Amino acid sequence: MAEAAGLTLSGIVKSYGTTPVLHGIDLDVAPGEFLTLVGPSGCGKSTLLRILAGLEAPDGGAVSIAGRDVTQMRAADRNLAMVFQSYALYPHLTVAQNMATPLRLRDLTRWQRLPLVGNLLSRQARRRIGARVRAVAEILQIEPLLDRKPGQLSGGQRQRVALGRAMVRDPVAFLMDEPLSNLDAALRVHMRAELAALHRRLGRAFVYVTHDQAEALTLSDRMAVMRGGRLLQLGTPAQVYGDPVSLEVASFIGSPRINTLPGEIRRDGAVTCMGLPLGLRSGAAPGPATVAIRPEHLTTGEGFLSGTLNYAENLGADIYLHVHLGAEHEVVLRAPAGLATPAPGARISVARGGGLPLLFAADGARLPATPAVEAVA
Amino acid sequence: MTGRAHLWFVGPALVLMVLILLMPIAVAAGLSLTDYGLGNRSTDWVGLANYEQIFTRSAYEKMFGATFRYVAITVPLSVGLGLGAALLVHSVARFGDIYKTIYFLPVMASLVAMAIVWEFTLHPTIGLVNRTLEQGCGTWLETWGWYANGCARSFPLWFGDRQYALGSVAFIGVWQAFGFNMVLYLAGLTGIPRELYQAAEVDGAKSAWDRFRLVTWPMLGPTTVFVVTISFIRSFQVFDTVEAIYETGGGPSRSVYVMMYAIYEKAVRQNLIGIGAAITIIFLAFVMVLTLLQRRLVERRTHYV
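Read on for a plain summary of the structure.

Conventions we followed
- Residue numbers here run from 1 along each chain, matching the order of that chain's written sequence.
- By the order in which they are written, chains take letters starting at A while ligands take numbers starting at 1.
- The model is predicted, so local features are restricted to residues of pLDDT at least 70 and side-chain atom pairs to those at 80 or more, both for listing and for counting; the totals for chains, interfaces and linings are taken over all residues.
- Note that water and hydrogens are dropped before the side-chain values are worked out from all heavy atoms of the structure.
- We call a residue buried when its accessible area falls under 20% of the maximum for its residue type, exposed when it is over 50%, and partly exposed in between, using a 1.4 Å probe and counting protein chains only.
- Only runs of H or I of at least four residues qualify as helices and only runs of E of at least two qualify as strands under DSSP, and these elements are numbered from the N terminus.
- Here, two residues are considered to be in contact whenever any of their heavy atoms come within 4.5 Å of each other.
- A pair of strands is considered paired only if DSSP assigns at least 2 bridges between the two.
- In this analysis, axes come from line fits to C-alpha atoms, helices being fitted only over the stretch in contact, and the angle between any two N-to-C directions falls in the range 0 to 180 degrees.
- Take a side-chain nitrogen of Lys or Arg and a carboxyl oxygen of Asp or Glu: if they are within 4 Å of each other, that pair is a salt bridge.
- Working definition: a disulfide is two cysteine sulfur atoms within 2.5 Å of each other.
- Here the word oblique covers every angle except those under 35 degrees (roughly parallel), over 145 (roughly antiparallel) and from 65 to 115 (roughly perpendicular).
- Should the near helix be turned counterclockwise from the far one by less than a right angle, the crossing is left-handed, whereas a clockwise turn marks it as right-handed.
- Defined in terms of a 1.4 Å probe, buried area is the accessible area two parts forfeit on being brought together, summed over both.
- N or O atoms within 3.5 Å of each other form a polar contact, as long as, within protein, one can give a hydrogen and the other can take it, and as long as residues adjacent in sequence are counted only when both atoms are side-chain atoms.

Here we look at helix H10 (residues 208-219) of chain B
Okay, step 1: The set of residues buried in H10 of chain B consists of Asp210, Phe212, Leu214, Val215, Thr216, Pro218 and Met219 of chain B.
Okay, step 2: Against helix H2 (95-107) of chain A together with helix H3 (58-91), helix H8 (162-190), helix H9 (194-202) and helix H11 (221-236) of chain B lie the buried residues of H10 of chain B.

Re the sheet that holds strand S6 (residues 80-83) of chain A
Residue and element names in this part refer to chain A.
Okay, step 1: Strand order across the open sheet formed by 6 strands is S6-S7-S8-S3-S9-S10, with mixed pairing between neighbours. If you trace the sheet from one side to the other, it starts and ends with S6 and strand S10 (230-235), each paired once. For this sheet the average axis-to-axis angle between neighbouring strands, irrespective of direction, equals 15°.
Okay, step 2: By the bridge criterion, 5 bridges tie strand S9 (residues 222-227) to S10 in an arrangement that is antiparallel. Residue pairing across strands places Val225 opposite Gln233, the latter belonging to S10.
Okay, step 3: Sheet strands in contact with helix H6 (residues 185-202) are strand S3 (34-38), strand S7 (173-177) and strand S8 (205-210), and its direction is about 155° off that of S8.

Focus on the pattern of salt bridges
Okay, step 1: The full count for this structure, using the stated rule, is 14 salt bridges over all chains.
Okay, step 2: The residue Asp170 of chain A makes a salt bridge to Arg204 of chain A at a minimum N-O spacing of 3.2 Å. Separated by 34 residues along the polypeptide, Asp170 of chain A in the loop between helix H5 (155-167) and S7 and Arg204 of chain A in the loop between H6 and S8 bring together distant segments of the chain.
Okay, step 3: Classification of Asp170 of chain A by relative accessible area gives buried; the value is 19%.
Okay, step 4: Asp97 of chain B is paired through a salt bridge with Lys100 of chain B; the nearest N and O atoms lie 3.3 Å apart. Taken together, the residues span about one helical turn, with Asp97 of chain B and Lys100 of chain B both in helix H4 (residues 96-108) at a distance of 3 residues.

Looking at the state of the cysteines
Residue and element names in this part refer to chain B.
Okay, step 1: In the structure shown here, the tally under the stated rule is 1 disulfide over all chains.
Okay, step 2: Cys137 shares a disulfide with Cys151; S-S distance 1.8 Å. In this structure the cystine formed by Cys137 and Cys151 twists about its S-S bond by roughly -95°; its chirality is therefore left-handed. With Cys137 in the loop between helix H6 (128-135) and helix H7 (145-152) and Cys151 in helix H7, the pair connects residues that are 14 residues apart, well separated along the chain.

Concerning the packing of H5 of chain A against H6 of chain A
Residues and elements named next belong to chain A.
Okay, step 1: Across the interface, H5 lies against H6 with an axial gap of 12 Å and an inter-helix angle of 15°. When the axes of H5 and H6 are compared, the pair comes out roughly parallel. Crossing of H5 against H6: the hand is right-handed. Residues Gly156, Gln159, Arg160, Leu163 and Met167 of H5 touch H6, and the partners they reach there are Leu187, His190, Met191, Glu194, Leu195, Leu198 and Leu202.

Regarding the interface of chain B and chain A
Okay, step 1: Taken residue by residue, the interface counts 21 residues in chain B and 26 residues in chain A.
Okay, step 2: For the pairing of chain B and chain A, the buried interface totals around 2,000 Å² over both sides, and the portion due to carbon and sulfur atoms is 56%.
Okay, step 3: The interface formed by chain B and chain A includes 3 salt bridges.
Okay, step 4: A salt bridge links Arg74 of chain A to Glu201 of chain B; the shortest N-O distance between them is 2.8 Å.
Okay, step 5: Our count for the chain B to chain A interface comes out at 13 residue pairs in polar contact (both at pLDDT 80 or more).
Okay, step 6: Looking at the side of chain B that touches chain A, the elements that each hand over two or more residues are H9 and H10 of chain B.

Geometry only, nothing functional implied.
Pasting the structure below:
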């Protein structure tokens, strides 16, 4: 058994030609941790994963695994496993052969891999490999598929086989590049749960790249939000969601998107939003600011804002109301349970629910804000 | 419903196919059973006599021998070199297009013209090849027995010596065909997903050979089926090189008397259309059997993505 090991990326810089892709990324993955790299497409998260895997060389910075610098080590020697977005199964090999490939390449000599002669030379090793493949197939419940070829499998089955191929050789960490993005919605949710269970069972670090914030929020121990080749925030899902460091993070994480409204920090420290008092105080310099409120922190009722309903988004469990406030602004709010959906164009009054609004400076940086005492009273 | 519209849809294609593709073959098959010749006053039904001749007379034995030897040299070499060149061209970052063009030049050139160029190049006394070889006489190269022999007497008459003639003609065939195979393989190579190579790398395929065995070769399977089939058919059809180099007779003691040339000699030169047709039918049968055989053997192990 390989030891559970941590991975460290420090000062990773990468550009393709003259296009910079990563601007100095520092990241620590603790042993056994499930870390998600999340960000919009083109933010460099996949490149970062491939640098970690050794499939691409960074222009600067260092990669280390379990404290050992592996920047110059090739992917084949790093003992990491990777699951690709396209699964990258060998289409001419059966499922069993696909899963056995990493073991064959590592445990058998070149002579032992020869077709007929190799069979005789390595009976025992081959039996060991076969047993290992069957054991992993049992965990993933793909035993009946072992003799099939990838072309005969469904997307979800291929996904499992790709996982199986990664699992057979007990790597120090698993790297996954949007592994669920080719599955349909229902299967994705199901595989999400399976991945979480698998992670607990294997006890290895998972580094998981996704653009789907729902996957990031549900699966991760910690998530790293990336954008434009920079690491914006690294923290637990609760931290990233509830305490984002910038407006970019706040807008990217959370669905529907967080509402942003123009606000102001007055000279006495009180914060207003569209001229209305918010019951917040901020120690930051007075001036204009952006107030951001999660849809679930708004509700219907008198007391805050009002506008006309643009459209009601029914997600089954929740109904989100998109309300126009004049010509320029719109807020989305979660309708309270049991509310009859109003018709578009109806007058809607918006009230504050629980939760504190977040305050951001004009450049998107988070500003400190605390509830004002008199507002609570 | 008893409409006949469907006949109008299927009809034209069917008629054309029968008229253009199947009829000529049927006519050839019919003629092969006669002693027909253009301008003959009478034509007799001779049954299988033409075929009997082909399978018993030594001239035809030589024909089969030459054809099979030519195919046996040309196909593996042109496929192998085509694959090798494709892998090399595919791996270079720059100048790939230039290499592609250069290797493809022989394919575009007229084979008759090129055969004449080669005839000069390989000319026993004034040819570039033998004159270059002569420069090496008196050096360490003479330690090689074949070379010493060449210096002592003369270097081979590449096209005139029975020992070398077929090899020389096959060389031109390979030279001409491998660029075509390379282009087909290049198309196959660009179709291999890069992620497969990365998966192979992560799985521990360290050497180029491992990657080739695990990814490149299997993924080129469909291309290989096509390339090998095409190469077989094209080398069975070799004619212009032989015709351009040997004006009569199919080379020294008929060592380059390939089937296509035999058909031409019999049917066109000697006006023995019956025999010519019989060779054509046998030729067709060979190509057909080979193609089917090769499909069965290779396709079973080939994966189509």
